[in-house]
Amino acid sequence: MRILVTRPLPDAETTAARLVAMGHEVVIEPLLTVEPLAAALPAGRFDAVTLTSVNGARLLQRHPARGELDRLPLFAVGWRTAAAAGDAFSAVEIAAGNGVALAALLRERLPAGARVLHVAGEDRAVDLGEALRADGIAVDVMVIYRTAAARVLTPATHAALAQGQIDAVLHFSPKTAATLVALGRQAGLVAQLGAMRHVCLSANIAAKLVQAGWSAGFCAEPTEESLLSLLGM
């Protein structure tokens, strides 16, 4: 099977290596570029740090204020995010891979009156502040990066899609899915893309494709392992 991987680098290369080891061919087309932002640490005392993406975790490791957060516990959305954050935090709690589970974990572990630093990108799948407001847990967001969408498909990917040389597309975020829909329309490839198999990390990602009239499957659990397992079904 020849598979199109649309997530940003370097994660696209990691996924591609796993797919090749499974016997697949891979076309990498990063539809988003991660752009670091100069974010200042909000003033005041925090009781915990939370991370909802691997990109945020990587960039936090290089942030000038990183050392000020070492004494705090970390609440990560999943194990890959926790691993990317390093091991300097006082403790690490890992949620079940999505924002709803992360909010539930924070609610369970932290008392009313706690203040949490959410290190994140401009686009966030869940508003933790809203989710935890009724519990008396305050959330400050430090936006440490943004993602810029590609403006055009590369010639190689355009040709592969036009000639029916792609069997399936993996989707890891709503923004990459929406970007592929937009670029597919721009390139006149809607029919070709609509006929392909689309495998998504979550239902809200699949919804972006369904809105375009494409069929899309999604994982029961939001993990790469679950996503790759769907390719065999």
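Residues numbered from 1 in each chain as written. Predicted model: local features only at pLDDT ≥ 70, side-chain atom pairs only at ≥ 80, totals over all residues. Heavy atoms only, no water.

K.L.:
Whenever I open this one, the side chain of T6 confuses me. Can you help?
P.N.:
Along the chain, the position of T6 falls in the loop between β1 (2-5) and α1 (11-21). Residue classification places T6 among the buried residues on the basis of a relative accessible area of 0%. In this structure the side chain of T6 is engaged in a polar contact, spanning 3.3 Å, whose partner is the backbone oxygen of L170. Beyond its immediate stretch of four places on either side in the chain, T6 contacts E29, P30, L31, L32, V169, L170, H171 and T176. (Helix = DSSP H or I, 4+ residues; strand = E, 2+ residues; numbered from the N terminus. Buried < 20%, exposed > 50% of the residue type's maximum accessible area, 1.4 Å probe, protein only. Polar contact = N/O pair within 3.5 Å; in protein donor to acceptor, adjacent residues only side chain to side chain. Contact = heavy atoms within 4.5 Å.)

K.L.:
Explain the nonpolar core to me, please; I cannot follow it from the model alone.
P.N.:
Across soluble globular proteins, you tend to see nonpolar side chains buried next to one another. Core analysis: the largest hydrophobic core is formed by 35 residues, its most contacted members being L161, I166, L170 and L231. Looking at this core, the elements with two or more residues in it are β1, α1, α6 (155-162), β9 (168-171), α7 (174-187), β10 (197-200), α9 (203-210) and α10 (224-230). Not counting residues up to four positions away in its chain, the partners in contact with L170 are I3, L4, V5, T6, T15, L19, V199, L227, L228 and L231. Counting residues in hydrophobic clusters, the runner-up holds 19 residues, among them V49, L51, V54 and I144. (Core = buried A, V, L, I, M, F, W, Y, C linked by side-chain atoms within 4.5 Å.)

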